[in-house]
Amino acid sequence: QSREIELSVQYGNAATVRGLMEEVATVFMRQNPGIRVTYRAPEADYESILQRNLRDAITRNLPDVAFHGLNRQRTLLERDIPVDLRPFMQADPETPSLGYSESLLSLGQVGGKQIGIGFALSTPVVYYNVDLLRRAGGDPDKLPTSWEEVAALARAIHGSQEGISGLFFDWTITGNWSWQSLVFSRGGSMLNADETQVAFADAPGRAAARDLGTMLTEGRMPDGRSNAMMGEFVAGRMGIVMNSTAQLGRFNREIGGRFPLKTGRFPIPGPNPRLPAGGNVAMMFARDAAKQQAAWKFIKFATGPVGGTMMVNHTGYMPATTIPAAREDLLGRFYRENPNHLTAISQQNVITGWYAFPGQNALKITDVINDQMQAIVAQRSTPEAGLDRMATEVQALLPRRRS
Amino acid sequence: MVDRLGPLFRHAVLLLGAAVMLAPFVLMLSLSVKPAAEIFAPQFRLLPEQWSAWENYSAAFTKVPLARFLMNGFIVTFCIFAAQAVTALPMAYALAKLRWRGRDTVFGLVLLALLVPPQVPAIPLYIGLWQLGLLDTYAAIILPSTVSVFGIFLMRQFFRTVPNDLIAAARMDGLSELGIVWRIMLPTAAPALAAFGCLSFIWNWNEFFWPYIAVQSEHLMTPPLGIAFFSDTESGTSWGPLMAAATVTTAPLALAFLLAQRAFVRGVTMSGVK
Amino acid sequence: MASVDLIGIGKKFGATDVLRDVTLRVADGEFLAILGASGCGKSTLLRILAGLEGTDQGEVRLGGIEVGHLRPKARDLAMVFQSYALYPYMTVGQNIALPLEMRRLSAWQRLPLLGRLMPGTRAARENIAEDVASVAGPLQLGALLGRKPAQLSGGQRQRVALARAMVRQPAAFLMDEPLSNLDAKLRIEARAEIVALQRRLGATILYVTHDQEEAMAMADRVAVMQGGRVLQVAAPQSLYDDPVSLDVARFVGSPPMNVFPVRLHSSGAVEALGTALPFHATGTAREGIVMGVRPEALRPAEQGIAVTLARIERLGGEALLYCTAPGLAQPLVAQVEAGEANDHAIGAPLRLMPRRALLFDGDGKRMVCRAGSVGAMALASAHG
Amino acid sequence: MASVDLIGIGKKFGATDVLRDVTLRVADGEFLAILGASGCGKSTLLRILAGLEGTDQGEVRLGGIEVGHLRPKARDLAMVFQSYALYPYMTVGQNIALPLEMRRLSAWQRLPLLGRLMPGTRAARENIAEDVASVAGPLQLGALLGRKPAQLSGGQRQRVALARAMVRQPAAFLMDEPLSNLDAKLRIEARAEIVALQRRLGATILYVTHDQEEAMAMADRVAVMQGGRVLQVAAPQSLYDDPVSLDVARFVGSPPMNVFPVRLHSSGAVEALGTALPFHATGTAREGIVMGVRPEALRPAEQGIAVTLARIERLGGEALLYCTAPGLAQPLVAQVEAGEANDHAIGAPLRLMPRRALLFDGDGKRMVCRAGSVGAMALASAHG
Amino acid sequence: MAEARAGKWPGGRAEALAAWALALPALILMILMLLGPVVAVLLLSFTGWSLGDAEMEWIGLGNYEQLAADPVFWTSLRNTLIYVGVSVPATVGLGLGAALLVESVGRFRSFYRAAYFLPVASTLLAMALVWEFMFHPTVGFVNQALRTLGLPVTDWLNNPDVALLAIAVIGVWQNLGLAMVLFVAGLQGVPKDLYEALALDGADGAWERFRRVTWPMLGPALVFVVAITAIRSFQVFDTVAVLTEGGPNKSTEVLLYTMVQEGFRFLRTAYGAAITVVFLVFTLAITVAQTVILDRRAHYG
Ligand SMILES: Nc1ncnc2c1ncn2[C@@H]1O[C@H](COP(=O)(O)OP(=O)(O)OP(=O)(O)O)[C@@H](O)[C@H]1O
Ligand SMILES: Nc1ncnc2c1ncn2[C@@H]1O[C@H](COP(=O)(O)OP(=O)(O)OP(=O)(O)O)[C@@H](O)[C@H]1O
Ligand SMILES: [Mg+2]
Ligand SMILES: [Mg+2]
């Protein structure tokens with residue numbers, strides 16, 4: 001027996017995925033007796049796992065494999081931490097059989113390298129309380145496809161009963177994910193191609209800001225805190241919320257059958273619309289060749305059909321591989337019985353990366369955008385004015401010129 | 001006035017205050033026995049319709065090794081307090097009772113250090129511990145807290161109330177200065193030390209920031225990290241287990257204070273506060 | 001036991017001189033009391049001797065050997081403090097045993113639990129226990145060895161402090177107002193105990209007090225201190241009868257000495273309160289001269305200084321007569337036996353015992369004076 | 001000023017009787033000292049009078065009027081505490097002014113800042129300041145009004161406490177060991193001050209002390225307490241000369257009375273220490289009878305009780321002779337004038353003044369006895 | 001006045017040596033664990049380092065210039081001062097009130113003490129989440145209580161005008177017990193005979209008792225409590241981090257949070273260090289000023 005390779009792996013979202021990761025490791029090790037997977041203590045969220053690994057980089061104590069938030073890949077790459085996975089994919093004959101779609105693979109491509117492969121992915125969707133929807137005269141089988149329709153429906157729900165609100169667009173999701181969703185869905189982008197100019201204040205961005213305005217004025221969207229609003233929704237006092245598909249499991253749990261829940265597609269009114277993916281990718285940090293081989297095997301397993309199937313069974317995410325959904329022995333039946341999970345799959349074709357701003361101020365920019373969003377939602381500034389201020393402030397924080 | 005309003009009124013005010021102070025704990029307990037489905041129920045209820053105490057508490061103990069965390073908590077707080085006492089008592093004695101050049105300067109440093117929040121030295125400490133190869137050990141959690149400037153300050157205040165004659169007597173009886181610290185000052189200071197021990201226990205037990213940074217391995221983690229485990233913004237906090245973990249974490253402290261409160265108050269009374 | 005010599009001790013705290021050129025020589029086995037008002041430097045002197053405080057000047061000798069450089073432990077002195085300074089959390093027995101433990105056990109042997117296992121600890125501890133018992137017995141502490149100081153009365157605590165000092169048979173005892181915390185009755189009992197002890201052990205004792213009665217009653221010699229200086233060192237009775245200065249005269253004696261101004265005629269004759277006194281003073285000073293007379297040296301009589309009786313204070317066996325005399329702000333105080341403080345005393349003039357009257361010059365220094373008719377108890381009256 | 005009557009006061013703390021049926025009547029303008037050992041209930045009695053403590057039994061009257069139901073404030077008494085209880089954060093002037101402020105200013109006028117703006121405040125405050133100055137003057141506190149208590153000496157603090165009590169001219173003064181924190185010298189001065197004050201104001205004073213000399217020197221009458229009971233209330237001299245019981249006799253007098261057992265013959269003749277004494281006792285008790293003789297009633301003489309002189313204690317004006325007698329554990333103490341404590345005293349027997357000897361029965365009660373030959377100072381010797 | 005006069009006499013030299021020997025372990029640890037790192041942070045603030053970077057570049061006062069121009073920093077500073085200004089008096093005042101009341105009742109004293117102290121002993125991390133429930137706009141205890149009393153309600157943590165206040169409420173809730181216990185200790189040190197003297201002097205109302213004796217006698221305890229509370233208030237962090245993340249609209253942005261945010265989250269480590277330096281200077285200045293002012297008025301007996 002050859003010497004056992006020990007692979008240290010770290011993941012986030014501890015509470016949600018712990019059981020899943022244990023299962024992945026167990027099955028993987030059964031199939032690969034020469035490799036022993038040990039998990040480092042899981043982190044609570046993407047934030048903490050990034051912090052942790054950055055510190056690990058200083059102390060040269062990085063895990064071999066880590067699951068990072070999509071939008072944190074860039075920060076890690078800037079510090080030259082992840083390993084390009086493309087050579088491994090190309091060298092591995094099994095790669096084609098793993099079912100990675102090109103659009104989903106692109107989520108892990110930053111700076112021309114494949115530094116991550118999607119593990120648990122999410123997309124923005126709209127959740128409907130079917131009871132309230134019906135009461136307001138809506139049809140759960142014909143869900144709205146534009147923000148105007150959503151807003152109108154919300155307004156009807158809002159008026160239907162005392163103490164009921166219509167809609168909450170969760171704009172607080174980390175990394176400006178929601179704002180990116182609105183802009184991308186209108187065909188826009190955050191910065192121009194060489195990342196020197198703000199682009200989200202161009203026409204698509206303006207339309208996106210107007211969408212938000214519509215929700216606020218037409219849809220009577222309240223200015224609330226995300227946690228409280230989600231609480232309202234699961235309590236049955238809110239008709240519609242926009243959030244990540246990752247919340248599906250939690251909603252099911254917390255609603256506990258109080259009302260039927262239905263997911264609908266995120267409206268994509270623009271020309272060339274796209275939607276940012278959320279969730280995490282598996283990344284390889286190992287530098288040692290033997291470990292790299294083992295790490296690739298693990299990544300391949302976790303993100304491939306088997307791992308993907310386990311992942312979906314445990315969470316509300318979607319995998320980076322398209323195979324399980326198509327196969328009855330894997331997830332075909334699951335999706336038929338849980339159509340709410342299918343909405344994410346159906347948005348696969350428009351999926352794009354979760355944009356991360358360049359430079360030292362990347363996260364500061366995120367924060368500045370959040371502040372302006374807050375101002376707009378609190379109706380302290382109009383969407384247009386907020387957008388303008390957002391653009392100026394972000395522009396000031398962009399790196400001057402990149403070589 | 002308070003006198004004339006009578007004991008009944010005073011009790012009423014105190015009870016109201018106690019209700020406010022305890023309300024969050026009641027809520028914590030209530031959440032810790034509810035199933036997820038009832039946490040956001042449209043109508044708030046103190047007691048769940050369907051009890052999930054077992055599920056939540058067992059999740060708290062199985063999803064993370066909370067029992068292990070609790071044990072770590074005891075190990076860490078005990079070691080920290082022992083180290084704090086061992087270092088603070090001699091220094092406090094030297095500051096309170098000995099005459100030496102540099103005393104005022106050192107005391108000034110103590111006061112200065114009192115102002116430093118734990119987040120400030122985190123990065124240099126982290127790098128330092130890494131270079132010593134101590135990261136991800138009990139030592140990493142314990143070392144930065146081995147000196148408590150608050151403790152030095154409190155004990156110094158207390159020692160100032162110890163009569164000088166007692167020390168002179170000890171010197172004539174043949175004790176060394178270190179002997180005086182252990183044989184004379186330590187037993188005299190027992191109540192004040194107990195009070196300080198109480199606070200040290202509370203503060204170090206609840207410390208989240210540093211243990212979180214200092215350790216990687218689950219078997220070294222302390223109780224607050226167990227609580228944080230259940231808080232997940234991306235896919236939803238698991239309220240029930242989280243509150244169960246919080247309850248379990250808070251319980252030893254509440255118990256400790258209940259048992260020690262008389263000694264605690266007496267200890268504080270005897271130290272420099274008055 | 002050893003002799004103690006303090007030679008030319010000077011001490012400053014910051015800018016203030018606390019002790020100035022203090023010289024005291026205490027013979028082996030002598031009981032010397034240091035008497036002085038609060039703040040005059042008595043405790044500081046003891047602390048210097050004990051090695052708890054340094055000096056700025058002068059030498060400290062024990063048994064003739066310079067010990068200025070030795071630390072308290074090495075000087076082998078025992079001190080009894082005003083507050084007793086008993087260790088509150090130790091039992092009486094432990095309090096008494098501590099000085100022995102520190103000297104007879106090694107650092108290892110003193111360790112809390114391990115120490116018991118060290119060779120010899122047992123024997124040494126038994127030895128100590130015996131010695132403790134042997135001092136506890138005579139001081140009647142035998143039954144109290146297991147108590148804590150807080151459970152003792154003032155007198156018992158004082159005895160424990162004594163026992164702790166005695167147990168190691170030091171070169172000398174230093175006592176800093178050891179009785180001042182006791183109530184009057186206990187104080188008198190304790191006094192006798194300490195004196196008896198001193199006689200028995202032949203101990204050298206330096207005893208600080210501000211209570212002159214205590215100093216007088218106990219000591220072989222008394223050193224009177226004021227403002228950091230020693231004014232006089234003498235046997236109690238000669239201090240009382242033959243003070244070197246007005247300060248000493250006033251400080252010693254209760255109720256205090258009557259002091260009033262006198263006129264000295266160029267002939268050397270003395271006149272006071274309009275009365276010629278049967279004295280003949282020698283000396284040049286003519287200004288600011290005062291006479292001091294102890295209360296018991298003034299008696300109501302047929303003839304004497306004309307006074308008015310203002311008040312009688314009865315003290316049981318004695319009584320004090322407070323008399324006002326024309327031209328005197330302070331009343332003259334005469335001490336008589338209780339039986340004498342009767343109607344006869346009212347209105348009677350005061351007779352003065354010439355042999356017991358003292359003269360002091362303007363600087364407070366004793367003047368030599370000769371009673372006009374030695375032994376005469378009669379007072380020659382004259383016109384004012 | 002007013003009279004004070006305590007009638008049949010009983011007080012328990014929990015299960016222990018602290019006061020039992022205490023009755024004391026103090027006339028208007030009288031100075032009554034309450035003398036007793038520590039813990040005998042003196043303070044409790046004062047506190048009951050002041051209204052700080054309730055009673056379980058009995059009545060408290062001020063100026064003849066029952067005040068049991070009145071709160072301390074309304075009783076108009078002033079108390080000087082053993083600890084002085086000065087407000088440490090107020091200046092001397094503020095300390096003294098406080099009782100007046102509380103009585104003369106309205107609640108509004110007393111408000112920290114606003115009060116100054118109220119009508120009349122200024123005038124009232126000026127008035128108060130004048131009154132403060134007028135008590136501060138005689139007590140020599142004028143220059144200290146701006147200081148804080150911590151900056152004062154013990155004697156000065158004591159005077160401030162007095163001034164605070166005096167300033168509002170209360171119905172009576174209660175003083176709880178007000179001098180016990182002072183040193184001996186100051187204590188004697190302060191004593192005189194308080195007495196002078198009392199005479200000047202004609203004040204009713206209840207004065208608690210455990211120092212008998214103090215009680216005797218100051219008070220018109222002294223109440224001796226023990227274990228919560230009043231043993232005797234009498235003028236100082238008669239307390240000393242004529243105690244009702246052995247307890248009182250022993251408690252009063254310093255050095256304490258010599259007490260020794262005597263044999264009473266059926267004839268009424270008294271025999272002690274192997275010597276027949278010139279007494280004739282009446283009474284039935286024959287067992288456990290003791291005789292008490294004050295030290296000053298024992299004198300060395302040619303004839304008398306055969307003793308051995310053990311030690312002489314010189315106190316300045318007087319000296320104490322400690323003599324051992326065969327068959328007595330305690331030494332006999334004789335007090336003589338310093339001059340008499342000379343070589344003659346050594347080996348001399350002690351003569352006893354028969355008139356000053358007291359007999360007590362087995363229960364400690366005074367027995368009536370008649371000196372065999374009244375006024376005779378000679379002692380008839382007999383065989384042992 | 002016990003002056004430090006080392007070395008002047010044999011015992012003095014020994015005493016000074018012993019003092020250093022006794023102080024040394026704690027001193028070394030203090031320098032290693034607290035003061036040294038603070039100096040490191042001070043130095044760091046003059047560089048452009050970011051967590052994970054390989055090199056360190058000296059940029060002088062660059063970070064401070066940027067700080068001066070950063071509106072977030074100024075908001076944060078202002079908020080911190082407001083927070084301290086609100087929560088310190090409230091904690092001290094309520095703590096004192098609670099102490100007085102608790103000490104004035106005979107029965108259940110231990111219960112009240114424990115109840116008021118319990119928050120001190122709780123894990124703020126968890127309790128902050130509980131408070132989020134308490135502050136829930138519709139079903140939260142707070143708003144339900146206010147509604148019952150007919151008072152206006154708001155979404156506490158989401159209303160920029162009151163969010164900082166809500167955070168302060170939690171801070172007060174947590175620290176009140178400690179202040180109370182410290183005051184209880186102070187109260188037990190007040191000699192009883194002062195109250196008795198006061199009663200005889202003619203004042204036995206609660207207000208006069210408080211004003212004339214309790215309050216002035218508590219002086220030293222007050223200095224201590226204010227100093228401790230101020231230091232702890234300046235260090236407010238957990239509640240902001242868990243509940244509001246500085247929002248809404250920076251209305252709860254406080255210095256320590258900004259520092260952690262910049263230094264750890266935005267990875268602008270050196271910039272965070274500069275904020276730390278400013279933070280320390282501020283706490284130092286204010287705590288010293290407070291203590292000196294109060295200390296001068298307090299009486300130590
Ligand atoms: N450590 C010190 N620093 C400064 N001054 C001091 C110190 N110790 C004593 N003094 C001063 O020195 C003087 C003498 O003090 P010391 O204690 O020797 O007096 P004392 O005669 O013992 O008085 P008391 O009878 O009150 O005990 C006093 O004025 C005191 O204030
Ligand atoms: N509040 C109380 N509770 C219980 N016992 C008390 C209380 N106050 C006093 N005593 C007890 O009552 C007795 C009398 O106390 P009190 O203070 O009156 O004595 P005292 O004669 O003033 O003594 P001292 O001379 O020591 O002041 C003592 O035995 C004391 O222990
Ligand atoms: Mg002294
Ligand atoms: Mg008393």
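Everything here concerns the structure above.
Report follows, based on the coordinates.

Basis of the calculations
Residues numbered from 1 in each chain as written. Chains lettered and ligands numbered in written order. Predicted model: local features only at pLDDT ≥ 70, side-chain atom pairs only at ≥ 80, totals over all residues. Heavy atoms only, no water. Near = heavy atom within 4 Å. Polar contact = N/O pair within 3.5 Å; in protein donor to acceptor, adjacent residues only side chain to side chain. Areas by Shrake-Rupley, 256 points an atom, 1.4 Å probe, with all protein chains shown as cover. Helix = DSSP H or I, 4+ residues; strand = E, 2+ residues; numbered from the N terminus. Buried < 20%, exposed > 50% of the residue type's maximum accessible area, 1.4 Å probe, protein only. Pairing = 2+ DSSP bridges. Axes fitted to C-alpha atoms, helices over the stretch in contact; angles between N-to-C directions. Contact = heavy atoms within 4.5 Å. Nonpolar A, V, L, I, M, F, W, Y, C, P; charged D, E, K, R; others polar.

**Looking at the site of ligand 2**
Residues and elements named next belong to chain D. Every residue close to ligand 2 is listed here: Phe13, Val18, Ser38, Gly39, Cys40, Gly41, Lys42, Ser43, Thr44 and Glu177. The separation between an oxygen atom of ligand 2 and a polar main-chain atom of cysteine 40 is 3.2 Å. Between an oxygen atom of ligand 2 and a main-chain N or O atom of glycine 41, the distance comes to 3.0 Å. Burial of ligand 2 by the protein amounts to 56% of the accessible area it has alone, namely 630 Å². Per-element accounting of the shell around ligand 2 gives the leading share, three residues, to helix 1 (residues 42-50).

**Some thoughts on the pairing of strand 3 (residues 65-69) of chain A**
Each regular strand displays side chains that alternate between the two surfaces of the sheet. Residues and elements named next belong to chain A. Counted residue by residue, strand 3 has five buried out of five residues, so it is predominantly covered. In terms of strand pairing, strand 3 meets strand 12 (residues 278-284) through five bridges, oriented antiparallel. Bridge pairing in strand 12 links histidine 68 to valine 281.

**Some thoughts on the sheet that holds strand 2 (residues 35-39) of chain A**
All names here are of chain A. Read across the open sheet, the five strands follow the order 2-1-3-12-6; overall the sheet is mixed. At either margin of the open sheet sits one strand with a lone partner, and together these are strand 2 and strand 6 (116-122). Strand after strand, the sheet turns through a mean of 25° between neighbouring axes, direction not considered. Where helix 12 (residues 289-303) meets the sheet, it contacts strand 1 (5-10), strand 2, strand 3, strand 6 and strand 12, and its direction lies at approximately 50° from that of strand 1.

**A closer look at unusual backbone geometry**
Here the phi dihedral of arginine 220 of chain A falls at roughly 55°; this positive angle occurs in a residue that is not glycine. Position of arginine 220 of chain A among the secondary structure elements: in the loop between helix 9 (203-217) and helix 10 (226-235). Look at arginine 220 of chain A and you get partly exposed, because its relative accessible area is 36%. One non-glycine residue, aspartate 136 of chain B, lies in the positive phi region at around 60°.

**Comments concerning the site of ligand 1**
Taken together, twelve residues form the shell around ligand 1, and within it Ser38, Gly39, Lys42, Ser43 and Thr44 of chain C come nearest. Residues near ligand 1 are shared among chains C and E, making this a multi-chain site. In the model, an oxygen atom of ligand 1 is placed 2.7 Å from a nitrogen or oxygen of the glycine 39 of chain C main chain. The separation between an oxygen atom of ligand 1 and a polar main-chain atom of cysteine 40 of chain C is 3.2 Å. Taking 640 Å² as the accessible area of ligand 1 by itself, protein coverage stands at 64%. Of the residues forming the shell around ligand 1, the biggest block, three residues, is contributed by helix 1 (residues 42-50) of chain C. Of the residues assigned to the shell around ligand 1, the class counts are five nonpolar, five polar and two charged.

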